[in-house]
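Read off the chains here:
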Amino acid sequence: MTDIFEAIQRTAKRIKIAIDTKDIGYSQQENSSGETQLQLDIKCDMIIEEEFSHVASIHTIASEEKEHEMPMHKAGKYYIAYDPLDGSSLIDVNLSVGSIFGIYENAFGAKNMVAACYVVFGPRVEMVFAHHKTKLHLLQDGEFEFVKEIRLKEKGNLNAPGGTQQNWEPYHKELVDSFFSEGYRLRYSGGMVPDLHQLLLKGGGLFSYPGTADKPEGKLRKLFEVFPFAFIYKIAGGEATNGHVDLMTLSHKGIHETSACFFGSKYEIARVKEVYAKNR
Ligand SMILES: O=P(O)(O)OC[C@H]1O[C@](O)(COP(=O)(O)O)[C@@H](O)[C@@H]1O
Ligand SMILES: [Mg+2]
Ligand SMILES: [Mg+2]
């Protein structure tokens, strides 16, 4: 696992340079989710593919920017699914973006996840790696330094509601509004990495990306967005659900499948489950 941890650190340093210097124009290509890829999405994907190709323990990779899985080393046991540049549409307005990694053993699938990691590219570069604990690292003078273990409180005070409100179910709107009525404050940038990072570091709250009339299974992709954050939140003492069941119990069809998702501290997720149970 240390070899993977170090490879991710190398990708983070190279992606930081790419973000700072690379032309951010659009490519002519779309990814498997039908989104036009930025030159930078493709560049970051190539950086990660290249760094992982040197790590013998990696068997196969899957990327948001690649249609199919890509085999790497036959003798390796880890399967890594990653989103090379999450929130890339925020680059041109200079908001924070990130990279997300789900690390699976023997095959892709929530039940096989053994570690997860994300890197936030904001005013500073930070990396959160969850294995047996959820640990924060900060890039300083070219090296990542351990900062602290992250633990969520039982209840937070931030609310990050994703999805097109016009298409929310009425009970979902009531749920979101009820947190605001309780004094929760709105925090939503449109980048799941900085939005979920903020909740983790400020003690908790709720991030939701529900199923809606236009996107019944939500927008966020299971293998490289939903499962990694579900794993990270659970190790940090929080919870993650699709409204009905723990996200880590879900199966997946294909590497780009999406799921409705809610991440938060225990109090908020219990409320989500209560409301969704009544509206099945
Ligand atoms: O604009 P919306 O519908 O709120 O969606 C925001 C979500 O989409 C994403 O940008 C999707 O990720 P990509 O940028 O990697 O496609 C998440 O980071 C974010 O939480
Ligand atoms: Mg993404
Ligand atoms: Mg992306």
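Nothing here was measured: the structure is a model prediction, and the numbers come from that model.

K.L.:
Would you mind going over the coordination of the magnesium ion (ligand 3) in detail, with residue names and values included?
P.N.:
Within the first shell, the magnesium ion (ligand 3) binds the protein through Asp-83 (OD) and Leu-85 (O), at distances of 2.2 to 2.4 Å. The distance between the magnesium ion (ligand 3) and the magnesium ion (ligand 2) comes to 3.7 Å, and Asp-83 binds to both of them. Classification of Leu-85 as buried rests on a relative accessible area of 1%.

K.L.:
I'd love a proper account of the UniProt feature "domain: Fructose-1-6-bisphosphatase class 1 C-terminal" (unreviewed entry) in the protein, names of residues and values included.
P.N.:
UniProt records the feature "domain: Fructose-1-6-bisphosphatase class 1 C-terminal" (unreviewed entry) for residues 153-276 in the present numbering. Between the first and last C-alpha atoms of residues 153-276 the distance is 23 Å; the span itself is 38% helix and 15% strand.

K.L.:
Kindly report on the coordination of the magnesium ion (ligand 2), identifying the contributing residues and their values.
P.N.:
The protein atoms donating to the magnesium ion (ligand 2) are Asp-83 (OD), Asp-86 (OD) and Glu-225 (OE), with metal-donor distances spanning 1.8 to 2.0 Å. Positions of the donor residues of the magnesium ion (ligand 2) along the chain correspond to the pattern D-x2-D-x138-E.

K.L.:
Could you give an account of the UniProt feature "binding site: Mg(2+) 2" (unreviewed entry) in the protein, naming the residues involved and the relevant values?
P.N.:
Under the local residue numbering, the UniProt record ascribes the feature "binding site: Mg(2+) 2" (unreviewed entry) to Asp-83, Asp-86 and Glu-225. Spatial clustering of the annotated residues is evident: they stretch over 143 residues in sequence, but the largest pairwise C-alpha distance comes to 8.6 Å. Relative to the assigned elements, Asp-83 resides in strand E5 (residues 78-86). Residues within four places of Asp-83 in sequence aside, it is in contact with Glu-64, Gly-98, Ser-99, Ile-100, Phe-224 and Glu-225. If you trace the backbone, Glu-225 turns up in helix H5 (residues 222-235). In this structure Glu-225 touches Glu-64, Asp-83, Asp-86, Ile-100, Met-192, Lys-219 and Leu-220, once residues within four positions along its chain are discounted. In terms of polar contacts, Glu-225 uses its side chain to reach the backbone amide nitrogen of Arg-221, at 2.8 Å.

K.L.:
Go over the domain arrangement of the protein, please, and point to the residues and values.
P.N.:
Taken domain by domain, the protein holds domain 1 (2-149) and domain 2 (158-278). Averaged C-alpha coordinates put domain 1 and domain 2 at centres separated by 21 Å. On the domain 2 side, the residues contacting the 44 residues of domain 1 number 28 residues. Considering only the side of domain 1, the residues that lose the most area to domain 2 are Ile-100, Ala-110 and Tyr-118, jointly responsible for 22% of the buried surface there. In this structure, the connection of domain 1 to domain 2 is made through one salt bridge.

K.L.:
Kindly report on the site of ligand 1, identifying the contributing residues and their values.
P.N.:
What surrounds ligand 1 is a group of 17 residues, the closest being Asp-86, Gly-87, Tyr-188, Met-192 and Tyr-209. Between an oxygen atom of ligand 1 and a side-chain N or O atom of Glu-64, the distance comes to 3.0 Å. Tyr-209 is positioned with one of its side-chain polar atoms (N or O) 2.5 Å from an oxygen atom of ligand 1. Look at ligand 1: alone it shows 480 Å² of surface, and the protein chains cover 84% of it. Of all the secondary-structure elements, those providing two or more residues to the shell around ligand 1 are E5 and strand E13 (205-209).

K.L.:
So what about helix H4 (residues 192-201)? Which residues, and what values?
P.N.:
Residues that lie three or four places apart on an α-helix share one face, since the helix turns once every 3.6 residues. Most of H4 is tucked away, with eight of its ten residues classed as buried. The set of residues buried in H4 consists of Met-192, Val-193, Pro-194, Asp-195, Leu-196, His-197, Leu-199 and Leu-200. Two residues or fewer past H4, Gly-203 is found with a positive phi of approximately 100 degrees.

K.L.:
Go over the sheet that holds strand E11 (residues 158-161), please, and point to the residues and values.
P.N.:
Taken in spatial order, the five strands of this open sheet run E12-E11-E13-E15-E14, and their pairing is mixed. Of all the strands in the sheet, the pair left with one neighbour each is strand E12 (185-186) and strand E14 (239-241). Strand direction decides the pairing type here: E11 and E13, joined by four bridges, are parallel. Bridging across to E13, Ala-160 finds its partner in Phe-207. The strands touched by H4 within the sheet are E11, E13 and strand E15 (261-264), with E13 carrying the most contacts at an inclination of about 155 degrees.

K.L.:
Quick rundown of the sheet that holds E5? Include the residues and the values.
P.N.:
Hydrogen bonds between backbone groups are what pair the strands of a sheet, and the pairing can be parallel or antiparallel. Spatially, the eight strands line up as an open sheet ordered E4-E3-E5-E6-E7-E8-E9-E10, and their pairing is mixed. One side of each edge strand has no neighbouring strand; the edge strands of this open sheet are strand E4 (70-71) and strand E10 (143-149). By the bridge criterion, five bridges tie strand E3 (residues 58-63) to E5 in an arrangement that is parallel. Bridged to Thr-60 within E5 is Tyr-79. Relative to strand E7 (residues 113-121), H4 is tilted by about 105 degrees, and along the sheet it contacts E5, strand E6 (97-105), E7, strand E8 (125-130), strand E9 (134-140) and E10.

K.L.:
Could you give me a rundown of the pattern of salt bridges, with the residues and numbers involved?
P.N.:
Pairs can form between side chains of opposite charge once their charged atoms are near each other. All told, the structure shown has 15 salt bridges when counted by the stated rule. The salt bridge involving Glu-126 is made with Arg-124; its shortest N-O contact spans 3.6 Å. By relative accessible area, Glu-126 is classed as buried at 11%. For Arg-124, a relative accessible area of 52% puts it in the exposed group. Glu-182 is the salt-bridge partner of Lys-155, the closest N and O atoms lying 3.6 Å from each other. Of this pair, Lys-155 sits in the loop between E10 and E11 while Glu-182 sits in the loop between helix H3 (170-181) and E12, and the two are 27 residues apart along the sequence.

Criteria and cut-off values
- Residues numbered from 1 in each chain as written.
- Chains lettered and ligands numbered in written order.
- Predicted model: local features only at pLDDT ≥ 70, side-chain atom pairs only at ≥ 80, totals over all residues.
- Heavy atoms only, no water.
- Donors = N, O, S within 2.8 Å, 3.2 Å for Na, K, Ca; no water.
- Buried < 20%, exposed > 50% of the residue type's maximum accessible area, 1.4 Å probe, protein only.
- UniProt positions renumbered as here; feature names shortened; annotations may be inferred.
- Helix = DSSP H or I, 4+ residues; strand = E, 2+ residues; numbered from the N terminus.
- Contact = heavy atoms within 4.5 Å.
- Polar contact = N/O pair within 3.5 Å; in protein donor to acceptor, adjacent residues only side chain to side chain.
- Domains from an automatic or database assignment.
- Buried area = accessible area lost by both parts, 1.4 Å probe.
- Salt bridge = Lys/Arg side-chain N within 4 Å of Asp/Glu carboxyl O.
- Near = heavy atom within 4 Å.
- Areas by Shrake-Rupley, 256 points an atom, 1.4 Å probe, with all protein chains shown as cover.
- Pairing = 2+ DSSP bridges.
- Axes fitted to C-alpha atoms, helices over the stretch in contact; angles between N-to-C directions.

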